[in-house]
Amino acid sequence: MTQRLEPALSAPRRAVAHSRFKRTVLALAVAAALDAHAQAPASAPDTAAEKKDVPTLKPVVVQDKAEQPQGKDAVRAVTTTSFKGNQALRDIPQSVTVVTEKLIQERNLDTVKDVLHNTAGVTFLAAEGGEEDIRLRGFSLAQTGDIFLDGMRDAAFYDRDTFNLDRLDLLRGSASMIFGRGSTGGVANQVGKTPHLVEDRSVTLTVGNHRYNRVVADINQPIAEDTALRLTAMHTEADNNGAGSSLNKQGAALALRHGIGLRHEFQAQLYYLDNQNGINYGLPWIRPTTASTSAENTLIPGLAPDAYYGAASDGNLGRARIGTLGHVFRMGPDTELTTRVRSGEYERDMRASTVRFSGGTGLAQNTLAGFGPATIFTRGNQLKVQDLATKQAQSDLSTRFMALGRKHHLLAGIDFADDERIVFAARSAAQGGVNITKPTISAGTPNDGAAVEEGARVLRRGNDFTAEAWGVYAQDRVEISPTLMLIAGARYDSLDGRYNQYTLPANAAGPETVVSYRQSVSAWSRRLGFLYQPSDTLSFYGSHGTSFNTSGDAYSYNALSANTPPESSENFEVGARIESFNKRLTTRVALFRSVKKNERNTDPDTAATRLLLSGKRHAHGLELDVAGRITPAWELYFSYTWIPTAKVDDAARTVNTVGNREGDRPGLTPTHSGTVWTTYSLTPKFRVGGGINFRSKTAPADVTAPAWEAPRYATGDLFAEYNLSQTVSFKVNVTNVADKLYGDMLYRGHYIPGPGRLVQGSMVVNF
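Just so we're clear, the structure is a prediction, and the values are computed from it rather than from any experiment.

Give a description of the overall build of the chain that names residues and reports values.
Scanning the chain for helices and strands turns up 6 helices and 39 strands. Out of the 767 residues belonging to the chain, those deemed buried represent 55%. Relative to all contacts within the chain whose residues are 6 or more apart in sequence, the contacts with residues 24 or more apart total 69%. Taken as a whole, the chain presents about 30,800 Å² of accessible surface, with 60% of it coming from carbon and sulfur.

Below is the structure:
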């Protein structure tokens, strides 16, 4: 029986969490009061006008049509609110890939990582702290906070679930003009489910191998003429997720929306997710013989993808509590102001085993020639225990107007953020804590059930980080002619970050020393572009955008990075969005060049006070998405990225890790990557389908020469669905049909395999 970590927080963490909870409640109450006070003067005349004009301004049939849920019915999307304002995707001069709720449900994608895995150009670093550092076009997203929830930064490290996800929008390329500080690769925006004025209730029950059980409820209920309530809830358990991690998680989201479609619309949302999951930290790379170099490193063959060699007491626990208040002020048919405030609290308690060969890499049993069931693995300790509290507020204006004889679409806004993160460390026995050694395990006996007493560890504050940030932006789209539009925008950001590092002597419980760093950063970001739309089915674009990211994006500084200005990047792109004549199929194609112009490098001068901004790297290639219906019965989703060239152009002479030296191809940048998913309705009640995910060979990031690559792979999935009636349907999914072993998340010391064969059956009940 698997031993779980105790979910209870230690005393210092409970005190921090309790204090933050009180501050969260106070912040939400104040925000609600201020919002209500701000709207009070206009409420009386607005209400009177609305009551007077009910027959012409609020026909129920029009609202019902506008409020129909889109994600459940469509494999493609045509509009988005992810990138400020409500925009048609054809009006965005940048690559956007959309994974709709329909795709998420059809493929049984339970986590945001699964969703991203089913898009092209995305890879994953198996980071030292166990977090999934997402790479897009080879550039980091997670480390620079480029994961968003409903347009607001969602920078915490936690296992994100999809139970409350309506869709995921992936904007590719530099995006600081819209979202503020961020990476070169792009932005992933999770779009949560919101209430609407159509009664819609469903429960989905799923069972599968590895004792997988999942239930998801989605209940949308109109409770007044212009008000609706939506509740989603989830519980998931499994002995194994197909890649060695147990699952035990539950979540709920509650949203109330009032004044839907009216001049003043209000929304309140509460979100809760509790993860008590296991964690597979990965397996070491293996060489053919003791004389082989690292250039021949590969995956350990013969091991099942779901084999688990960590301790039974390992775990990846986490909680997310998010509260959001929103208000939409529709000043006219072409102008609206959207304001949101959010408070989030996140807790993470990861205890993992670093699995390595016993006795080092020079022994024969640690090679392909000598590897067998008797080969011994050691299990080390990896801890990542941290709390994060965030407060955010943003207001975005979208308006269309005439000026100087031209049509304009102006997007403008301002946002504020306050982050506080605490990282805890474990005391050794000499520091007043304990030393814990995990037992070894043989290759032939995975899942041995061995455990240690993780609760015996004594935690202390290791470091903390606080930051205040704000930004203001404006973008104008000017219609030069009925078919040609020019786009120009700029944003100014300011960030003030403070970091404290707490250190104990190696062999004593004190005294504690504190080293503090501070960084203040201000920077501009820009976007220029054009749109050429000769018809309502064709849209061509070109754009240039810039981004910047600070050394504090990962919530830490050191003596050199605290004095280092931001890195900068730019994205050049031309592309097209083409609709079929019946507007059921969309094709998006883009040629891009993403460049990081001044990457951080270590100054060879030992007396240096800051890092060098001397590096430069780029990636260029092609992206292609196809989504929609080929025929009324045949649906297709295809996403492909080709990066023929990715190269480090400039680097400091002291750099010696592969992927960072001049002329190297950076790691985690495969030449080919993508996915295809297609379904066909054989009868009105019976559908079948399948798909393929593929990546060409890929090198880990930052390895010591000589470098190596994980083998290329392709995995196949199958799907069948039967609609028993309008209210009940059944479906079966088989993921990774061939039970193929492949490296999904890569690190220089280890790799984490992708899930093996998963067989899952679902029943969906609509009521």
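An account of the sheet that holds strand E18 (residues 355-357) is needed here, citing residue identities and associated values.
Across the sheet, 3 strands lie side by side as E18-E19-E22; this open sheet has antiparallel pairing. Across the chains shown, the open sheet's two edge strands, defined by having one partner strand only, are E18 and strand E22 (441-442).

Tell me about the pairing of strand E25 (residues 513-535), residues and numbers included.
Taken together, the 20 bridges between strand E24 (residues 484-503) and E25 define a ladder with antiparallel strand orientation. Paired with tyrosine 492 across the bridge in E25 is tryptophan 524. The sheet contact formed by E25 and strand E26 (residues 538-549) spans 7 bridges and is antiparallel. Bridge pairing in E26 places serine 535 opposite leucine 538. Counting the residues in the hairpin turn of E25 and E26 gives 2 residues.

I'd love a proper account of the packing of aromatic side chains, names of residues and values included.
The tally for this structure, following the rule as stated, stands at 20 aromatic pairs. Chaining the aromatic ring pairs together yields one cluster made of Phe465, Tyr499, Tyr517, Tyr555 and Tyr557. Across from the ring centre of phenylalanine 124, 4.7 Å away, lies the NZ or CZ of lysine 113, which sits over that ring. In this structure, arginine 160 packs its charged tip against the face of tyrosine 158, placed 4.5 Å from the ring centre.

Please set out the sheet that holds strand E8 (residues 152-153) residue by residue, giving values where relevant.
The pairing of strands in a sheet comes from backbone hydrogen bonds and takes either a parallel or an antiparallel form. If you walk across this open sheet you meet the 5 strands as E3-E9-E10-E7-E8, and the pairing is mixed. Pairing within the sheet leaves two strands with one partner each, and these edge strands are strand E3 (96-100) and E8. Relative to strand E10 (residues 186-192), strand E7 (residues 147-149) runs parallel, the two being bridged by 3 bridges. In the strand pairing of E10, isoleucine 147 is matched with alanine 188.

Provide a residue-level description of the side chain of arginine 135, including the pertinent values.
Take arginine 135: it is sitting in strand E5 (residues 132-136). With near-sequence residues (within four places) excluded, arginine 135 lies in contact with Gly121, Val122, Thr123, Leu125, Ser140, Leu668 and Ala701.

How would you explain the pattern of salt bridges if you had to name every residue and give the values?
If charged atoms from side chains of opposite charge come close, those side chains can pair. Summed over the entire model, instances satisfying the criterion amount to 52 salt bridges. For aspartate 448, the salt bridge identified is with arginine 379, shortest N-O distance 3.1 Å. Taken together, the residues aspartate 448 in the loop between E22 and strand E23 (459-479) and arginine 379 in strand E19 (residues 376-379) connect sequence positions 69 residues apart. Note that arginine 461 and aspartate 464 form a salt bridge whose closest N and O atoms lie 3.1 Å from each other. Residue class for arginine 461 comes out partly exposed when judged on its relative accessible area of 32%. With relative accessibility at 9%, the residue aspartate 464 sits in the buried group.

Break down the pairing of E10 for me, with residues and values.
Most of E10 is tucked away, with 7 of its 7 residues classed as buried. Burial along E10 is two-sided: Gly186, Ala188, Gln190 and Gly192 and Val187, Asn189 and Val191, pointing in opposite directions, are all buried. As paired strands, strand E9 (residues 165-172) and E10 are joined by 7 bridges and run antiparallel to one another. Considered in E10, the bridge of leucine 168 is made with glutamine 190.

Lay out empty space enclosed by the protein in plain terms, naming residues and giving numbers.
As a volume, the second largest cavity reaches approximately 340 Å³. Every residue lining the second largest cavity is counted, 34 residues in all, and those nearest its centre are Arg153, Arg181, Gln392, Asp415 and Ala417. Looking at the lining of the second largest cavity, the elements that each hand over two or more residues are E8, helix H6 (176-179), strand E20 (382-403), strand E21 (406-426), E23, E24 and E25.

Kindly report on a positive patch on the surface, identifying the contributing residues and their values.
Positive charge collects at one region of the surface, where Arg526, Arg593, Lys597 and Lys616 lie side by side. The topology assignment puts arginine 593 in strand E28 (residues 585-601).

A description of a nonpolar patch on the surface should follow, citing residues and the corresponding values.
Residues Ile630, Trp634, Tyr680, Leu682, Phe686, Tyr722, Leu724 and Phe730 make up a contiguous nonpolar surface patch of roughly 710 Å² in combined accessible area. Along the chain, leucine 682 falls in the loop between strand E32 (672-681) and strand E33 (686-695).

Would you mind going over the environment of leucine 89 in detail, with residue names and values included?
Mapped onto the secondary structure, leucine 89 falls in the loop between strand E2 (87-88) and E3. Judged by its relative accessible area of 6%, leucine 89 falls in the buried class. When the C-alpha positions of leucine 89 and threonine 79 are compared, they lie 5.1 Å apart, and in sequence the two are 10 residues distant. The contacts of leucine 89, once residues within four sequence positions are left out, are Ala77, Val78, Thr79, Thr80, Val96, Val98 and Arg577.

How would you summarise the nonpolar core if you had to cite specific residues and measurements?
In terms of nonpolar packing, the biggest core is built from 50 residues, with Leu116, Ile300, Tyr309, Phe371 and Phe377 touching the most fellow members. Broken down by secondary-structure element, the contributors of at least two residues to this core are helix H4 (101-106), helix H5 (112-117), strand E4 (122-126), E5, E9, E18, strand E37 (743-746) and strand E38 (751-753). Apart from the residues within four sequence positions on either side, isoleucine 300 is in contact with Pro284, Ile286, Phe357, Phe371, Phe377, Leu741 and Tyr751. Counting 22 residues, the second-largest nonpolar core is a separate cluster that includes Val216, Ala253, Tyr271 and Ile322.

Requested: an account of the environment of glutamine 760, with residues and values cited.
Inspection of the secondary structure puts glutamine 760 in strand E39 (residues 758-766). Along the chain, glutamine 760 and valine 732 lie 28 residues apart, while their C-alpha atoms are 5.8 Å from each other. Of note is the side chain of glutamine 760, whose polar atom sits 3.0 Å from the side chain of asparagine 108.

Outline unusual backbone geometry, listing residues and values.
In this structure, proline 511 follows glycine 510 across a cis peptide bond, with omega equal to 5 degrees. Relative to the assigned elements, proline 511 resides in the loop between E24 and E25. For the peptide bond that leads from alanine 705 to proline 706, omega is -5 degrees, which places it in the cis range. Summarising the element assignment, proline 706 is placed in the loop between strand E34 (703-704) and strand E35 (713-723).

Which residues make up the environment of isoleucine 692, and what values do they have?
If you trace the backbone, isoleucine 692 turns up in strand E33. In this structure isoleucine 692 comes out as partly exposed when scored by relative accessible area, which is 40%. Distance from isoleucine 692 to threonine 715, taken between C-alpha atoms, is 5.5 Å for residues 23 residues apart in sequence. Not counting residues up to four positions away in its chain, the partners in contact with isoleucine 692 are Arg107, Gly674, Thr675, Val676, Ala714 and Thr715.

Parameters and conventions
Residues numbered from 1 in each chain as written. Predicted model: local features only at pLDDT ≥ 70, side-chain atom pairs only at ≥ 80, totals over all residues. Heavy atoms only, no water. Helix = DSSP H or I, 4+ residues; strand = E, 2+ residues; numbered from the N terminus. Buried < 20%, exposed > 50% of the residue type's maximum accessible area, 1.4 Å probe, protein only. Contact = heavy atoms within 4.5 Å. Areas by Shrake-Rupley, 256 points an atom, 1.4 Å probe, with all protein chains shown as cover. Pairing = 2+ DSSP bridges. Phe/Tyr/Trp six-rings, centres within 6.5 Å; stacked < 30°, edge-to-face > 60°. Lys NZ or Arg CZ within 6 Å of the ring centre and 35° of its normal. Salt bridge = Lys/Arg side-chain N within 4 Å of Asp/Glu carboxyl O. 1 Å grid on protein atoms, 1.4 Å probe; cavity = no way out; pocket = protein on both sides within 12 Å on 5 of 7 lines; lining within 4 Å. Points joined across faces, edges and corners; volume = space filled by probe spheres on them. Patch = residues over 30% accessible without salt bridge, like charges linked within 9 Å, V, L, I, M, F, W, Y side chains within 5 Å. Lys, Arg positive; Asp, Glu negative; His and termini not counted. Charge placed at Lys NZ, Arg CZ, Asp CG, Glu CD. Core = buried A, V, L, I, M, F, W, Y, C linked by side-chain atoms within 4.5 Å. Polar contact = N/O pair within 3.5 Å; in protein donor to acceptor, adjacent residues only side chain to side chain.

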